[in-house]
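Chains, contacts and geometry: an overview
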Amino acid sequence: MAELIASVIIFLLTHTIPAYVPLRENLVRHLGERPYRIVYGIITLAVLAWIGFAYANAPYVELWGQPAWTRWVPILTMPVACLLLIGGVAAINPFSLSFRKAGFDPNRPGLIGLCRHPVMWSFALWSLAHLAPNGDVASLLIFGLMFGLSLYGPVALESKKRRTMIADKGRAAWDGLMACRGKLRGGNGWVAGFIGGGAFYLLSLWSHEYLIGQSPVP
């Protein structure tokens, strides 16, 4: 358990220290933006691999059992999480994690009108849903960590985006983007979310037992 705790602490440090703006700017100035991102990405993947190894080898210390109803929580929650994940990465989204940034229409935001950070919310739902049927200390550390980071992520991402846009283009530009809130018109992210997210959910159901070693079906 000590190794798992250590890996979680290191993971938190690798995410909180660069969040300190003067330190990040100093690293970027000395390394360059692209090398900084590459090095940071490699470190993050290495620490994640360490967490996975430590979790697999951690002792099982039960906090709560696994009542039958808890196995239904991921089954019922993951379709929404998959919709948000696939729809989020496919949508045009200037606020958060996405493959596309340019061309966003605040009047027809689609999925982004529902939530500006769908990928981060998909991670939050995934971690919370998997915490219910995994009532041991190691799972609480892992899924609790991911849930906390998923809640912090949207705040950090939007704060950085708002600060940068207001500095570059003025307050009116940011207010124009924020006009998307509450509007669901347009297919931005919806089509990919329902079709791609549905396919990803079915694939996850099928492959879960082979990859994780346990069937997700109650």
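Summary of the structure given here. Treat the numbers as computed from the prediction; the structure is a model and nothing was measured. (Residues numbered from 1 in each chain as written. Predicted model: local features only at pLDDT ≥ 70, side-chain atom pairs only at ≥ 80, totals over all residues. Heavy atoms only, no water.)

Some details on the side chain of Glu158
Note the following rule: By definition, any uninterrupted DSSP run of H or I lasting at least four residues is a helix, any uninterrupted run of E lasting at least two residues is a strand, and each is numbered from the N terminus. Whether a residue is buried, partly exposed or exposed follows from its accessible area with a 1.4 Å probe, protein chains only, as a fraction of its type maximum: under 20%, in between, or over 50%, in that order. Here a polar contact is taken to be a pair of N or O atoms separated by no more than 3.5 Å, where protein atoms must pair a possible hydrogen donor with a possible acceptor and residues adjacent in sequence count only if both atoms sit in side chains. Any pair of residues with heavy atoms lying within 4.5 Å of one another is described as a contacting pair.
Structurally, the position occupied by Glu158 is in helix α7 (residues 137-169). Residue Glu158 is classed as buried on the basis of its relative accessible area, which comes to 10%. Here Arg116 takes part through its side chain, which lies 2.9 Å from a polar atom of the side chain of Glu158. Apart from residues lying up to four places away in sequence, Glu158 is in contact with Phe95, Arg116, His117, Trp174 and Met178.

A short note on the packing of aromatic side chains
Our working definition: Aromatic pairs are defined between Phe, Tyr and Trp rings, using the six-membered ring for Trp, whenever the two ring centres lie within 6.5 Å; interplanar angles under 30 degrees are classed as stacked, those over 60 as edge-to-face, and all others as tilted. Only lysine NZ and arginine CZ atoms are considered, and such an atom sits over a ring when it is within 6 Å of the ring centre and within 35 degrees of the ring normal.
Tallying each qualifying case throughout the model produces six aromatic pairs. With a centroid separation of 6.0 Å and 25° between ring planes, the pair formed by Trp190 and Phe194 is classed as stacked. Note that Trp190 and Phe194 are positioned in helix α9 (residues 190-212) at a spacing of four residues, about one turn of the helix. Taking 5.5 Å as the distance between ring centres and 45° as the angle between the ring planes, the aromatic pair formed by Trp206 and Tyr210 counts as tilted. Linking Trp206 with Tyr210, this pair stays in helix α9, spanning four residues, or about one helical turn. Summarising the burial analysis for this pair, Trp206 and Tyr210 share the class exposed. Directly above the ring of Phe95 sits Arg116, whose terminal nitrogen or CZ lies 5.9 Å from the centroid.

Side note on the pattern of salt bridges
Basically, it comes down to this: Salt bridges are defined by distance alone: a side-chain nitrogen of Lys or Arg within 4 Å of a carboxyl oxygen of Asp or Glu.
A complete count under the given rule lists two salt bridges for this structure. Across the salt bridge formed by Glu158 and Arg116, the nearest N and O atoms sit 2.9 Å from each other. Placement of Glu158 in helix α7 and of Arg116 in the loop between α5 (111-114) and α6 (118-131) is noted, with a sequence separation of 42 residues between them. Here Glu158 matches Arg116 in class, with each residue buried. Taking the shortest distance from any N to any O, the salt bridge between Asp175 and Arg171 comes out at 3.3 Å. Taken together, the residues span about one helical turn, with Asp175 and Arg171 both in helix α8 (residues 171-178) at a distance of four residues. On the basis of relative accessible area, Asp175 is assigned to the partly exposed category, the value being 39%.

Looking at the packing of helix α4 (residues 72-90) against α6
Between two packed helices, the angle of one axis relative to the other and the distance separating the axes together describe the packing. Short version of the rule: Between N-to-C directions, angles cover 0 to 180 degrees, with each direction set by a line fitted to C-alpha atoms, over the stretch in contact for helices. The cut-offs work like this: below 35 degrees is roughly parallel, past 145 is roughly antiparallel, 65 to 115 is roughly perpendicular, and the gaps in between are oblique. Note: crossing handedness is left-handed where the near helix turns anticlockwise from the far helix by less than a right angle, and right-handed where it turns clockwise.
Taken N-terminus to C-terminus, the directions of α4 and α6 make an angle of 160°; their axes are 8 Å apart at the nearest point. Regarding the angle of α4 to α6, the classification is roughly antiparallel. The two elements α4 and α6 cross, and the hand of that crossing is left-handed. Together, Val73, Pro74, Thr77, Met78, Val80, Ala81, Leu84, Leu85, Gly88 and Val89 of α4 and Pro118, Val119, Trp121, Ser122, Phe123, Leu125, Trp126, Ala129 and His130 of α6 make up the contact between the two elements.

Focus: the packing of α4 against α9
Short version of the rule: Nonpolar residues are Ala, Val, Leu, Ile, Met, Phe, Trp, Tyr, Cys and Pro. Charged residues are Asp, Glu, Lys and Arg, and all others, Gly as well, are polar.
Two numbers describe how α4 lies on α9: the axes approach to 7 Å, and their chain directions differ by 130°. As judged from the angle between their axes, α4 and α9 are oblique. Classified by chirality, the crossing of α9 by α4 is right-handed. In contact with Ile75, Met78, Pro79, Cys82, Leu83, Leu85, Ile86, Gly87 and Ala90 of α4, α9 contributes Trp190, Ala192, Gly193, Phe194, Gly196, Gly197, Phe200, Tyr201 and Leu205. Of the residues contributing to the contact of α4 with α9, the split by class is 14 nonpolar, four polar and no charged.

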